[in-house]
Amino acid sequence: MNEPLERIKHWLQHWDGDLMGSQGALLGLDIGSYGLRVVLADVQGHQVLSESRPLPQDGPERVVAEALDLIRSVLHQAGMQPQHLVRIGIGFGGPVDKHAGTTRLSHRAAGWEHFPLAARFEEALDTPALLDNDANLIALAEATFGVGHNVQNLFYLHLSSGVGGGMVLDGRLYSGATSTAGEIGHAIVRYDGPPCSCGARGHLESYLSVGGLLRRANELGLRTDNLDDLFGESAIGRQVLAEATELLGMMLANIVTVLDPEMIVLGGVVTRRGGESFLATIQQRLTESLPPTMRRDVPVLASTFGFDSVAVGALALAAQSLRD
C-alpha cells in the first residue's frame, strides 16, 4: 500500500472508532476532473483500498451509475457488501449545497444544476451520504491525515484547471452559511479582467488556473498550450510565473490577515509542476505582503495525497460524521 493510504490506516487504528465496534466501513468518493475515485476503509483500519475509473461524459445519471458500479467492485475486493457501509462521503468538482446534498452546477459539464447527488447514493446503498466540494475535502484530508494533521487551522488552495480553496478552523471544516466559504478562485482581481469559467470577469481563477497562466503566456508572445513551457528556460515563462506568484502571495496574505491560519497548503497540477522553488517563492511573496504588525512566517506546503486527495477528504468527512 502507498504511504498516504498507510497514514489513513494508522489514523483509523487510533481514533475513537470503537463507537462502531468491529463492524462497518467508510467510503470516500470523488466525482471530479480526474475521474471517479474511491477510497474504502473499515472503521478499525485493517484495510484501506483505492480504485479509479474515467469519468463518463454523458450526464449525471450515467456518472452515478458508473460510480455505484465502482463502489460495488471495491467492496467486492474487500470482501464486503453494501450493508457494511456506515457512511459515504462524496466530493464534487463544483459548487454544492452540502446541507441539501445537491450540486449547484458544474462549470465544465451540463446537467448538474440542483442535482440530488447525495440522495442517489443513499437510495442505492441504504446508508447516509454526505456531500461537499472538492477543495473543501482536500483541506479536510490534509488536516486529518496529511501535512496539517498537527494543526487546528489551515487554508488549502488548489491550482489546476480551476482555482478553489477550503479551510479547516479549530479542527473543523468550515463551509459558511451557504456551503461556499473558501471560494477564493472567484475573488475579484480586476472588474475588467479576462473571463472566468463562472461567466464573470477578472476573477483569481482567470489569472492563476492553467488556462489563465497559458493565456498570459500567449499574450506575451509564448505560443504554447503546454504548462511545462512556463517552468522551463523561457524568459516569458519566468515573467508569467513572477506575476502569478506576486498575485498569489498578495491574495494569501489577505487570507492570513482574515483567518490567521497556522499553515497554507497548496495542491493541483500547477503546484506539482512548480515544485519546491515555486512554493518557496510564494511563501516569500506572502510574507512580504503581510502588514508589518502581522508579519510572520506562515508555512506554505504541498498537498500530500495527489490524485486520491478528494476521495481521502471524503473519507475523512464520513469518519468525522461518526463523531458528531
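Small disclaimer: the values here were computed from a predicted structure and weren't measured.

Peer 1: Just to check I follow, could you spell out the pairing of strand S1 (residues 25-32) for this structure?
Peer 2: For a regular strand, side-chain orientation follows a simple rule: the groups alternate between the two sheet faces. In terms of burial, S1 is a largely internal element, 8 of the 8 residues being buried. When S1 meets strand S2 (residues 35-42), the two strands line up antiparallel, connected through 8 bridges. If you follow Leu29 over to S2, its bridge partner there is Val38.

Peer 1: Where do I start with the sheet that holds strand S7 (residues 129-133) in this structure?
Peer 2: Hydrogen bonding along the main chain pairs the strands of a sheet, whether they run parallel or antiparallel. If you trace the 5 strands from one edge of the open sheet to the other, you get S3-S2-S1-S4-S7, paired in mixed fashion. The strands lining the two open edges of the sheet, one partner per strand, are strand S3 (48-53) and S7. On average, each strand axis in the sheet is inclined to that of its neighbour by 15°, with strand direction left out of account. Most of the contacts of helix H3 (residues 117-125) go to strand S4 (residues 85-92), to which it runs at about 155°, and overall it touches S1, S4 and S7. Where helix H9 (residues 309-323) meets the sheet, it contacts S1, S2, S4 and S7, and its direction lies at approximately 140° from that of S1.

Peer 1: Just to check I follow, could you spell out helix H7 (residues 235-259) for this structure?
Peer 2: Note on helix geometry: an α-helix contains 3.6 residues per turn, so any two residues three or four positions apart are oriented the same way. When the terminal C-alpha atoms of H7 are compared, their 36 Å separation across 25 residues agrees well with the 36 Å that a helix rising 1.5 Å per residue should span. Two or three places before Ile236, at the start of H7, stands the capping residue Ser234, its side-chain oxygen 3.1 Å from that residue's backbone nitrogen. Positive backbone phi, approximately 55°, marks Asp260, located one or two places after H7.

Peer 1: What is the right way to read the environment of Leu204 from this model?
Peer 2: Tracing the chain through its elements places Leu204 in helix H5 (residues 204-208). For Leu204 and Glu183, which are 21 residues apart along the polypeptide, the C-alpha to C-alpha distance reads 9.9 Å. In contact with Leu204, not counting residues within four places along its chain, are Val163, Ile184, Gly185, Ala187, Val189, Leu247 and Met251.

Peer 1: Got a minute to help me understand the sheet that holds strand S11 (residues 263-267) in this structure?
Peer 2: Within the open sheet, the 5 strands sit side by side as S10-S9-S8-S11-S12. Their pairing is mixed. Unpaired on one side and paired on the other, strand S10 (172-174) and strand S12 (300-302) mark the two borders of the sheet. Across the sheet, the mean angle from the axis of one strand to that of its neighbour is 30°, orientation sign disregarded. Examined bridge by bridge, strand S8 (residues 154-159) and strand S9 (residues 163-169) share 6 bridges and lie antiparallel to one another.

Peer 1: What is the right way to look at unusual backbone geometry in this model?
Peer 2: Negative phi characterises most residues that are not glycine, and trans characterises most peptide bonds. Here the phi dihedral of His114 falls at roughly 55°; this positive angle occurs in a residue that is not glycine. Relative to the helices and strands, His114 is located in the loop between strand S6 (102-103) and H3. For His114, a relative accessible area of 65% corresponds to the exposed category.

Peer 1: I'm lost on the pairing of S8 in this one. Help?
Peer 2: The buried count for S8 comes to 6 of 6 residues, which makes it a mostly enclosed element. Burial of the side chains of S8 extends over both faces: Leu154, Tyr156 and His158 are buried on one face and Phe155, Leu157 and Leu159 on the other. Where S8 folds back onto S9 in an antiparallel hairpin, the turn is made up of 3 residues. Across 5 bridges, the pairing between S8 and S11 is parallel. The residue bridging His158 from the neighbouring strand is Gly267, located in S11.

Peer 1: Just checking my understanding: could you explain the state of the cysteines for this structure?
Peer 2: As used here, a disulfide is simply a covalent bond connecting the sulfur atoms of two cysteines. Tallied over the entire structure, the rule returns 0 disulfides. No disulfide involves Cys196; its nearest neighbouring cysteine sulfur is the one of Cys198, lying 3.7 Å away. Residue Cys196 is classed as buried on the basis of its relative accessible area, which comes to 9%.

Basis of the calculations
- Residues numbered from 1 in each chain as written.
- Predicted model: local features only at pLDDT ≥ 70, side-chain atom pairs only at ≥ 80, totals over all residues.
- Heavy atoms only, no water.
- Buried < 20%, exposed > 50% of the residue type's maximum accessible area, 1.4 Å probe, protein only.
- Helix = DSSP H or I, 4+ residues; strand = E, 2+ residues; numbered from the N terminus.
- Pairing = 2+ DSSP bridges.
- Axes fitted to C-alpha atoms, helices over the stretch in contact; angles between N-to-C directions.
- Contact = heavy atoms within 4.5 Å.
- Expected span 1.5 Å × (residues − 1).
- Polar contact = N/O pair within 3.5 Å; in protein donor to acceptor, adjacent residues only side chain to side chain.
- Disulfide = S-S within 2.5 Å.

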